[in-house]
Amino acid sequence: MARVVLVRGVNVGGHRTFRPAALARKLKRLDVVNVGAAGTFVVRSSATRAELRAELARTLPFEAEVVICEGREFMRMVASDPFAGEPVRADVVRFVSFLSRRSRAAPTTPAAFPPRGTWLLRLLASEDRFVFGLYRRHMKVIGYLGALDRMFGVPVTTRNWNTVMAIARVLSVGS
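If you're wondering where the values come from, they're calculated on a predicted model, not measured in any experiment. (Residues numbered from 1 in each chain as written. Predicted model: local features only at pLDDT ≥ 70, side-chain atom pairs only at ≥ 80, totals over all residues. Heavy atoms only, no water.)

> Please clarify how the side chain of glutamate 73 should be interpreted in this entry.
On the secondary structure map, glutamate 73 appears in helix H3 (residues 71-79). The residues touching glutamate 73, leaving out its near neighbours within four places in the chain, are Asp128, Arg129 and Phe130. (Helix = DSSP H or I, 4+ residues; strand = E, 2+ residues; numbered from the N terminus. Contact = heavy atoms within 4.5 Å.)

> For this particular structure, what's the right way to read the pairing of strand E1 (residues 3-7)?
Residues in a regular strand project their side chains so that they alternate between the two faces of the sheet. Counting buried positions along E1 yields five of five residues, so the element is predominantly enclosed. Alternating positions in E1 separate into two faces, Arg3, Val5 and Val7 on one and Val4 and Leu6 on the other, with burial throughout. As paired strands, E1 and strand E3 (residues 40-43) are joined by four bridges and run antiparallel to one another. Looking across to E3, one finds that arginine 3 is bridged to valine 43. Across five bridges, E1 lies against strand E4 (residues 66-70) in antiparallel orientation. Along E4, the bridge assignment pairs arginine 3 with glutamate 70. (Buried < 20%, exposed > 50% of the residue type's maximum accessible area, 1.4 Å probe, protein only. Pairing = 2+ DSSP bridges.)

> For this particular structure, what's the right way to read helix H2 (residues 49-59)?
Given 3.6 residues to a turn, an α-helix orients residues that are three or four positions apart in the same direction. Every buried residue of H2 is accounted for by Leu52, Glu55, Leu56 and Thr59. One face of H2 carries all of its buried residues, which in axial projection span an arc of 100°. Facing away from the buried side of H2, by more than 90 degrees, are the exposed residues Ala50, Ala57 and Arg58. Summarising the contacts, the buried residues of H2 are in contact with E1, helix H1 (20-26), E3 and E4. (Arc of directions from axis to C-beta.)

> It is not clear to me how the sheet that holds strand E6 (residues 111-113) should be interpreted in this structure. Could you clarify?
The strands making up a sheet associate through hydrogen bonds between their backbones, and the pairing can be parallel or antiparallel. With respect to topology, five strands assemble into an open sheet ordered E6-E7-E8-E5-E9, the strand pairing being antiparallel. Each edge of the open sheet is held by one strand with a lone partner, namely E6 and strand E9 (156-160). Each strand of the sheet is rotated relative to its neighbour by a mean of 25°, with strand direction disregarded. As paired elements, strand E7 (residues 121-127) and strand E8 (residues 130-136) share six bridges and run antiparallel to each other. Across the sheet, the residue bridging to arginine 122 is leucine 134, located in E8. (Axes fitted to C-alpha atoms, helices over the stretch in contact; angles between N-to-C directions.)

So this is what it looks like as structure tokens:
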């Protein structure tokens, strides 16, 4: 099955910018599909993780942290319906943070930040290398998302649920 590749911390605020669609074209031999503008790809070839990392390191114009998930692991996560029971609201974004590797320092969930008053970020649950949460559209949220690395003790990259569902659609078509 395919793999999901998430490049961390790119195309944000004008830093470490690149064109994901152009990268996907350069990696055409690996049957790479670009999903959005945040460095999210589905790789449908049978390339190993090491081969993927080497190709990305060679092709990206900068060094970057990369998270790779197996397609079936990803689809199991989506099928678990982690946001069941959470109402859809215009001012709240559902997200999944992907840990670069398993964490030994996972915080207790659920948790809210800030801990008092109106929450800006809520961690609902963590399962394996996936952390599910919600955040309000507010400038301070980026600081809380950035703190996830320290909380989990490993590099973390985050995608909103809409992007996750788009990845799932690409994986479903390729199966």
